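Okay, here's what each chain looks like letter by letter:
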Amino acid sequence: MGGCAGSRRRLLDSEGEETAPEPRSPLLDRPGALWKNAVGFWLLGLCNNFSYVVMLSAAHDILSRQRASGNQSHVDPDPAPTTHNSSSRFDCNSVSTAAVLLADILPTLVIKLLAPLGLHLLPYSPRVLVSGLCCAGSFILVAFSHSVGTSLCGVVLASISSGLGEVTFLSLTAFYPRAVISWWSSGTGGAGLLGALSYLGLTQAGLSPQHTLLSMLGIPALLLASYFFLLTSPEPQDPGGEEEAETSARQPLIGSEAPEAKPASSPNLSLWERWTVFKGLLWYIVPLVLVYFAEYFINQGLMSDEHREFAMAAACISDTLGISLSGLLALPLHDFLCHLS
């Protein structure tokens, strides 16, 4: 089986005319294909969120470094803090680390807001290429920057890469077995752990922030390799392309009657229909907004040593308490919903 991009290119010839698809046995190499797709989406999730996590991990370095024209190849793993605000007892930068957070998230927000309006018109392969190039550009720009402004531009590139990649790869899961969504989610979770640990580990080992970021250029290369060479052809193999492939996937397996016309897909929804669907999703969106707001806002908490040990031990009750309360509330809610007529 070829890669995703190759399979799509085979659907249309160079003149735009339809060509017959290559015959494929449904059971041919199915176990191997399942594992390739699972590993592929795990790596895509990992690589897609990796630069986003690294930029947040490097936020303090991005804002506190006073870069000279040359960069040292070695830094003190435990440097004395440079306090920019002498009137504060905290180790503060002249600019809050929230600036990095906003540069790392606002472009993603814009992409996700605009994606339903026309991103589907752009094929998957160019989207993945742009995502990979932006990821590589973010590491290079931040590594070689001499000012906070330039570094923040690099963080914006990381956000574009992450946002565009997330919308693209989640849409791509529609053409694969449902299990790949779990693998994708696992990969994004792994990025949070591996991204932060890799930056911390390399800088603590004595590598400069610049060389640490440059050493991560293999991540965008791995993202592109996972998409173009690891993923197998999508399940539906219809000569009409992705739109017809989705229709084929929804056709009944048994029956000689002609398939019904495909229901209106999201590109054909009116603005009112989109708003109606969105209102129904607010029950899920609002709680997630509150969770992530609290999770990232707490990063601004400052404690610079005598209170830190107790604070870390006491704050860890928050996630356990929240999960416990949700479980207690879910019991009566489940019974209530199940008894609705």
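Position labels on residues start from 1 in each chain and follow its written sequence. Local features in a predicted model are, by the rule used here, given only for residues with pLDDT of at least 70; side-chain atom pairs are given and counted only at 80 or more, and totals for whole chains, interfaces and linings are based on all residues. Derived side-chain values reflect all non-hydrogen atoms in the structure, with water molecules and hydrogen atoms excluded from consideration.

- For the protein chain, the name recorded in an unreviewed UniProt entry is Battenin, with Suricata suricatta as its organism.
- UniProt positions are given in the numbering used here, feature names are shortened, and annotations may be inferred rather than shown by experiment. Turning to the protein chain, the UniProt annotation filed under Sequence similarities (unreviewed entry) states: "Belongs to the battenin family."

1. Remarks on the UniProt feature "transmembrane region" (unreviewed entry) in the protein chain
Move 1: The positions that UniProt labels "transmembrane region" (unreviewed entry) are, in the present scheme, residues 39–59, 98–122, 128–145, 181–200, 212–230, 281–298 and 310–331.
Move 2: Here a strand is any run of E in DSSP of at least two residues, a helix any run of H or I of at least four, and the numbering for each starts at the N terminus. Within the segment residues 281–298, helix and strand shares are 94% and 0% respectively, and the terminal C-alpha atoms sit 26 Å apart.

2. Points about helix 4 (residues 98–118)
Move 1: Here the expected length of a helix is defined as 1.5 Å per residue gap, with one fewer gap than residues. Taking 1.5 Å per residue as the helical rise, helix 4 with its 21 residues ought to reach 30 Å, and the 31 Å between its terminal C-alpha atoms agrees with that figure.
Move 2: Residues of helix 4 that are buried include every one of V100, L101, A103, D104, P107, T108, I111 and A115, and no others.
Move 3: Residue contacts follow a heavy-atom distance rule, with two residues in contact if any of their heavy atoms lie within 4.5 Å. Packed against the buried residues of helix 4 are helix 2 (30–57), helix 3 (59–64), helix 6 (148–172) and helix 11 (271–297). The rule is simple: take the accessible area with a 1.4 Å probe, protein chains only, and divide by the maximum for that residue type; under 20% is buried, over 50% is exposed, in between is partly exposed.

3. Quick word on the environment of I62
Move 1: Its place among the elements puts I62 in helix 3.
Move 2: Under the relative-accessibility criterion, I62 is labelled buried at 2%.
Move 3: Taking the C-alpha atoms as reference, I62 lies 8.2 Å from V100; in sequence the two are 38 residues apart.
Move 4: Beyond its immediate sequence surroundings of up to four residues, I62 is in contact with M55, V100, V142, V148, S151 and V155.

4. Let's talk about the packing of aromatic side chains
Move 1: Any two of the Phe, Tyr and Trp rings considered here, Trp counted by its six-membered ring, make a pair once their centres fall within 6.5 Å; the pair's planes then place it as stacked at under 30 degrees, edge-to-face at over 60, or tilted in between. Scanning the model with the defined rule gives seven aromatic pairs in all.
Move 2: Judged by centre distance (6.4 Å) and plane angle (90 degrees), the ring pair of Y124 and F175 falls under edge-to-face. Pair noted here: Y124 is in helix 5 (residues 124–144) and F175 is in the loop between helix 6 and helix 7 (179–204), with a separation of 51 residues, a long-range link. This pair shows no difference in class: Y124 is buried, exactly as F175 is.

5. Comments concerning the nonpolar core
Move 1: Residues F41, L44, F139, F169, L172 and Y227 are the most contacted members of the largest nonpolar core, which totals 37 residues.
Move 2: Among the elements that make up this core, the one with the highest residue count is helix 2 (eight residues).
Move 3: In this view, F169 contacts F41, L44, N48, V128, W184, L223 and Y227; residues no more than four positions away in its chain are not counted.
Move 4: Throughout, nonpolar core names a set of buried Ala, Val, Leu, Ile, Met, Phe, Trp, Tyr and Cys residues whose side chains join them through atoms within 4.5 Å. One finds I111, A115, L119 and L164 within the second-largest nonpolar core, a separate group that totals five residues.

6. Focus on a nonpolar patch on the surface
Move 1: A cluster of nonpolar residues, W272, W275, V277, F278, L281, L282, W283, Y284, I285, V286, V289 and L290, forms a patch on the protein surface that exposes about 1300 Å² of accessible area.
Move 2: For Y284, the position within the fold is in helix 11.
Move 3: On the basis of relative accessibility, which here comes to 59%, the residue Y284 falls in the exposed class. Distance thresholds for patches are 9 Å for like charges and 5 Å for nonpolar side chains (Val, Leu, Ile, Met, Phe, Trp, Tyr), applied to residues having over 30% relative accessible area and no salt bridge. We get accessible surface area from the Shrake-Rupley algorithm with a probe of 1.4 Å; when it comes to residues, only the shown protein chains can shield them. Take a side-chain nitrogen of Lys or Arg and a carboxyl oxygen of Asp or Glu: if they are within 4 Å of each other, that pair is a salt bridge.

7. What to know about the pattern of salt bridges
Move 1: Throughout the structure, instances matching the rule amount to one salt bridge.
Move 2: Taking the shortest distance from any N to any O, the salt bridge between K112 and E166 comes out at 3.0 Å. Note that K112 is positioned in helix 4 and E166 in helix 6, a separation of 54 residues in sequence.
Move 3: A relative accessible area of 35% means that K112 is categorised as partly exposed.
Move 4: Accessibility expressed as a relative area gives 22% for E166, which makes it partly exposed.

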